[in-house]
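Understanding the architecture of this molecule
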Amino acid sequence: MTDHPKQVPAEFVPPSVWRNPWHFLAFGFGTGTMAKAPGTWGSLAAVPFIPLWQMLPDWGYWLMLGVTMLFGVWLCGKVADDLRVHDHEGIVWDEMVGMWITLWLVPEGWGWVFVGFLMFRFFDILKPWPIRWIDRHVHGGFGIMLDDVLAGVFAWLSMQLLVWGWANGLAASLGFA
């Protein structure tokens, strides 16, 4: 992780989260202020939006992902600069977008959301190559977003394999059909 030139401790929860709408949004509507596992709480903050996104046509969901990713590059970079912390652990907009990526083109239903949540958290925490390298070497809002976007893509690919397997006999072989 690269330090900001005027680094302050990342554990610091700025009071601006509750006063500044950009900080509030970047901190996942306040979920990023949680003392333990703010990324997990931020991922959970993304969940209520998923049924809304799934009502969009596939291209609309894809468009929403593009907009939220580009907005996230700006938002995360701005808030990191404001706080003088490269990637404050409380900035969880990137986790929210990663969750939304994970569940694109996945069947509706809370079971799929739960599995997607587990998949995304797995890749976001484990950070397999190249995610870990990007997390440590790519700077600014782009770097903050990119590692979680890639974790979302890895989780999305895993979900697509699971959905395909489920539709092609996995459910029956496990006694669900």
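Since the model is a prediction, treat every value here as computed from it, not as a measurement.

Attention now moves to the pattern of salt bridges. In this structure the tally under the stated criterion is four salt bridges. Taking the shortest distance from any N to any O, the salt bridge between aspartate 124 and lysine 127 comes out at 3.2 Å. We classify aspartate 124 as buried; its relative accessible area is 5%. Given a relative accessible area of 14%, lysine 127 falls into the buried group. One network of salt bridges, in which partners are shared, links Arg121, Asp124, Lys127 and Asp147.

Looking at where leucine 44 falls in the secondary structure, it is placed in helix H2 (residues 38-46). The exposure class assigned to leucine 44 is partly exposed, which follows from its relative accessible area of 37%. Along the backbone, leucine 44 and leucine 170 are 126 residues apart, and their C-alpha atoms lie at a distance of 27 Å.

Moving on, we get to the UniProt feature "domain: YutG/PgpA" (unreviewed entry) in the protein. Sequence positions flagged by UniProt for "domain: YutG/PgpA" (unreviewed entry) are, in local numbering, residues 25-162. Overall, residues 25-162 shows 72% helix and 0% strand. The separation of its end C-alpha atoms is 32 Å.

Rules behind the numbers
Residues numbered from 1 in each chain as written. Predicted model: local features only at pLDDT ≥ 70, side-chain atom pairs only at ≥ 80, totals over all residues. Heavy atoms only, no water. Salt bridge = Lys/Arg side-chain N within 4 Å of Asp/Glu carboxyl O. Buried < 20%, exposed > 50% of the residue type's maximum accessible area, 1.4 Å probe, protein only. Helix = DSSP H or I, 4+ residues; strand = E, 2+ residues; numbered from the N terminus. UniProt positions renumbered as here; feature names shortened; annotations may be inferred.

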